[in-house]
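Geometric and topological summary
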Amino acid sequence: MASTNTIRASLVHQRRRSDPASSSSSSSSSPSNGLSRRRSILRHYVRYAFLSFIMLMSSLSFISYHDKYFSRQTYERLSPTQHPVKAVESKKTTKKKLKKKRILGQPPTIVSRWPTSHDLTDFVTGPAAPYYTNHNNNRSQLVFPTMAHNNQSVCEFRDISYSFHFPHAMQQLLRCFSWWHANRHQRPVLVLPATHAQYSYTSAFVQALRDIWKVQVFFLPKSDKAERPLRAISATVQTNNGKTPFQMTSLHDAQVLRDGIQQHYHLLDNKNDTLPTAIQTITHNKNQSTTTTMAPPGCPTPNHDNKSMPVVGFLNRQGGRRVTNYQAILQALNLTSTVYYLDSFDHTTFLQQAAFMSHMDILIGPHGAQLTSAFLQPTCGGMLELFPKGLFWTSFFGTLATTTGHHHAALYTGGALAKQQNETKYYQSTLELRVQSRNFQIHANPPAVVQQVEQLIQQWRACCDSMYVDVEVEELEEEE
C-alpha cells in the first residue's frame, strides 16, 4: 500500500512540474479562474454537439441513397407480371414499313349480255338534250345546249299508256336521275303528271327524290297543258323508250342513288325497324322463325373479312306467278346457307320494300312488279328470276339488274328448254294468251334453282374480288 501511494505522489509531482500554470490555477480558488474554465468546457460541448449533428445527417443521407439504389435494382430484375406497380415503359422508336392493304379501288365487274352503261343521247330527247359533234362521222365531244334558264336541270315525265304501273314509271325516273346527276351543278326539276301522284310506290320514290336531292316537282294537269311551267319546260328533256327497258349513264349513278336512299332512311342500321316483320329465317337446322336480324349485306370488307357467304333472300308473290313449291326450294337451299323468306310485298310500304332489298345479296323470286326495288340490292348482288309457262321476258328486270350493278339469271319453269321458244311464242301471240301465261303458277325444280344460286354466289365472290385491290401503303410501326 505504501509503495502505491509513493508512485501516485511521484506522478502528481511530475505533472505539476510539467504544467506549472495548471498547477497554480488548480491550486488557486479565485472566481475569475473558475469562470474561464466553465467557458472552455462549454465551448468543447458546443463543438462536440455540432460535429455530432453533422455525422448524424451524413448517416441519414447514406442510408436513404442505399435504400433507393438497391430497391431500384431489385425492381428492375423483376418480370413485368411481378412488378408491384406499373411497369416502366421502355423507349420505342417509330419506323416506316410497307404493308399490303386491301382497298376499294375498282368498279364492279358485272357479267351480263346487256350493257352496264349508256350515253345520255340514247335515252333523253328535247330542247336541252345533249348531242355529239361529228367530225368525219366520229363522235368527238358531248355538247349540252345553252339555255336561257340553265340553272335548272328539268326532266319531263312522259304520260304514256303503261306508265301508271310503277315498274314502267321507274324506267323513266331512273333515266331522269342520270340526267340530273350529269347536270348536278344545276337544280333538279321533275315535271310529273298529276295523275301519278296517286300511285303509292311512284309517289314514295318521288318523295325520296325531294327529301334527299331536293328535286323540285311540278305536277302537270293532264287535261290542261297550257298550265305547264313554261320556265321549266323551256330547258327540258324527255325520256324515250331507249334500246333496253332500263338505262342509266353508269354504275356510279346507280350507286349514288342507292347510297342516298339507304343512308337517308338508315336502312342498313343495326337497330333498323323498317324491315317487314313477316320475314322467315330458314337455317341449317331446318328451324323456321320470324326474325328481322340479318347478317351484314354487301361484299366482305376489312371490317367483315369473316363473311364467306352472301345474304340470300326468297321473295314470293300472291296471285299469278306464285311459286307453289317454295318450301321444297327453301329446304334444298338451306343446306348451304341461311335463306330469308318473305311471302309477298303485299301491305308493305316503299321503305319496307327498300329495306328488304338493301339486305339481300342474292334474291330469288318470280317475275313480277315486286322485283322493281332490286336496284337497291348491295353492289355485286344477283337476282334469279323465275318464269312460268309461256312467259320468258328476261330483258326487263335483267336490264334493271345490269344497269344498277347486279348479276341476273333466269329460269324457265314451263317445261323442257326445247319447248320454251314454241311455248312462249304461242302464249305471247294474243292478248288473251298473254294474260293467261301471266296467271300461271310456278313450280320450279329445286336442284335447278340451287345450281343457279350457286352460280350467282360465284359471280358475287368474283365481283367483290374485282372491286378490291391490294396496294402497298406506308405505316408507322413502333419498335422497342
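For the chain, the name recorded in an unreviewed UniProt entry is Glycosyltransferase 61 catalytic domain-containing protein, with Seminavis robusta as its organism.

Glancing now at the overall build of the chain. Along the backbone of the chain there are 13 helices and 16 strands. Classification of the 480 residues of the chain by burial places 40% in the buried group. Sequence-distant contacts, at least 24 apart, represent 75% of the contacts inside the chain between residues at least 6 apart. When the accessible area of the chain is evaluated, it comes to approximately 27,800 Å², of which 53% is carbon and sulfur surface.

Quick look at the nonpolar core now. In terms of nonpolar packing, the biggest core is built from 54 residues, with Met170, Trp179, Trp180, Leu190, Phe205, Phe356 and Phe375 touching the most fellow members. Sorting the residues of this core by element identifies helix 4 (166-182), strand 6 (187-193), helix 5 (200-213), helix 7 (251-264), strand 12 (339-342), helix 9 (350-359) and helix 10 (395-403) as the ones contributing at least two each. Tallying contributions element by element places helix 4 first for this core, with 8 residues. Trp180 has contacts with Ser153, Val154, Cys155, Pro188, Val189, Leu190, Leu209 and Val215, leaving out every residue within four places of it along the chain. Of all hydrophobic cores here, the second largest spans 32 residues; its members include Ile110, Leu333, Ala409 and Leu456.

Opposite charge on two side chains permits them to pair, given that their charged atoms come into close proximity. Summed over the entire model, instances satisfying the criterion amount to 1 salt bridge. The salt bridge involving Asp343 is made with Arg322; its shortest N-O contact spans 2.8 Å. Taken together, the positions of Asp343 in the loop between strand 12 and helix 9 and Arg322 in the loop between strand 11 (312-315) and helix 8 (326-333) put the pair 21 residues apart, joining distant regions of the chain.

Once that is clear, we can look at the pairing of strand 6. With respect to burial, strand 6 is a largely interior element, 6 of its 7 residues being buried. The pairing of strand 5 (residues 152-156) with strand 6 spans 5 bridges and is parallel. Note on strand 6: the bridge partner recorded for Val154 is Val189. A crossover connection joins strand 5 to the parallel strand 6 through helix 4; in handedness this β-α-β unit is right-handed. Pairing analysis gives 5 bridges linking strand 6 to strand 7 (residues 216-220), with the strands arranged parallel.

Bringing the confidence of the model for the chain into the picture now. Here the chain averages 79 in pLDDT, and 72% of its residues register 70 or above. Taken together, the stretch residues 20-29 has pLDDT below 50 and engages in 2 contacts with residues farther than four places along the chain or on a different chain. Throughout residues 229-234 the model reports pLDDT below 50, and contacts reaching past four residues in sequence, or to other chains, amount to 14 contacts.

Right, let's talk about the layout of surface pockets for a bit. Estimated volume of the second largest pocket: approximately 520 Å³. Lining the second largest pocket are 28 residues; nearest its centre among them are His165, Phe166, Pro167, Ala369 and Gln370. Looking at the lining of the second largest pocket, the elements with two or more residues in it are helix 4, helix 5, helix 9 and helix 10. Within the lining of the second largest pocket, the residues separate by chemical class into 12 nonpolar, 12 polar and 4 charged.

Attention now goes to the side chain of Gln172. You can see Gln172 is positioned in helix 4. Once residues lying within four places of it in the same chain are set aside, the contact partners of Gln172 are Glu156, Phe157, Arg158, Ile160, Ser163 and Thr239.

Moving on: the packing of aromatic side chains. Scanning all chains against the criterion turns up 16 aromatic pairs. With a centroid separation of 6.1 Å and 90° between ring planes, the pair formed by Phe205 and Phe375 is classed as edge-to-face. Taken together, the positions of Phe205 in helix 5 and Phe375 in the loop between strand 13 (362-366) and strand 14 (382-387) put the pair 170 residues apart, joining distant regions of the chain. Residue Phe375 is classed as buried on the basis of its relative accessible area of 1%. Judged by centre distance (4.9 Å) and plane angle (85°), the ring pair of Phe396 and Phe397 falls under edge-to-face. Taken individually, Phe396 and Phe397 each receive the classification buried, so the pair is uniform in this respect. Pairwise contacts between aromatic rings join Phe166, Tyr201, Phe205, Phe350 and Phe375 into one cluster.

Another aspect to go through is helix 7. With 14 residues, helix 7 should cover 20 Å at 1.5 Å per step; its first-to-last C-alpha distance of 20 Å lies within 8% of that length. Tucked inside the fold, the buried residues of helix 7 contact helix 4, helix 5, helix 9 and helix 10. Downstream of helix 7 by one or two residues, His266 has phi in the positive range, about 55°.

This part covers the environment of Leu330. Along the chain, Leu330 turns up in helix 8. According to the relative accessible area criterion, Leu330 is buried, its value standing at 4%. Measuring from C-alpha to C-alpha, the distance between Leu330 and Val449 comes to 9.8 Å, with 119 residues separating the pair along the chain.

On strand 11, burial covers both faces: Val312 and Phe314 on one face and Gly313 and Leu315 on the other are all buried. Two elements, strand 11 and strand 13, share 3 bridges in a ladder whose sense is parallel. Each residue of the ladder has a partner; that of Gly313, found in strand 13, is Leu363.

How each quantity is defined
Residues numbered from 1 in each chain as written. Predicted model: local features only at pLDDT ≥ 70, side-chain atom pairs only at ≥ 80, totals over all residues. Heavy atoms only, no water. Helix = DSSP H or I, 4+ residues; strand = E, 2+ residues; numbered from the N terminus. Buried < 20%, exposed > 50% of the residue type's maximum accessible area, 1.4 Å probe, protein only. Contact = heavy atoms within 4.5 Å. Areas by Shrake-Rupley, 256 points an atom, 1.4 Å probe, with all protein chains shown as cover. Core = buried A, V, L, I, M, F, W, Y, C linked by side-chain atoms within 4.5 Å. Salt bridge = Lys/Arg side-chain N within 4 Å of Asp/Glu carboxyl O. Pairing = 2+ DSSP bridges. Right-handed = clockwise from strand over helix to strand, strands pointing away. pLDDT = per-residue confidence, 0-100. 1 Å grid on protein atoms, 1.4 Å probe; cavity = no way out; pocket = protein on both sides within 12 Å on 5 of 7 lines; lining within 4 Å. Points joined across faces, edges and corners; volume = space filled by probe spheres on them. Nonpolar A, V, L, I, M, F, W, Y, C, P; charged D, E, K, R; others polar. Phe/Tyr/Trp six-rings, centres within 6.5 Å; stacked < 30°, edge-to-face > 60°. Expected span 1.5 Å × (residues − 1).

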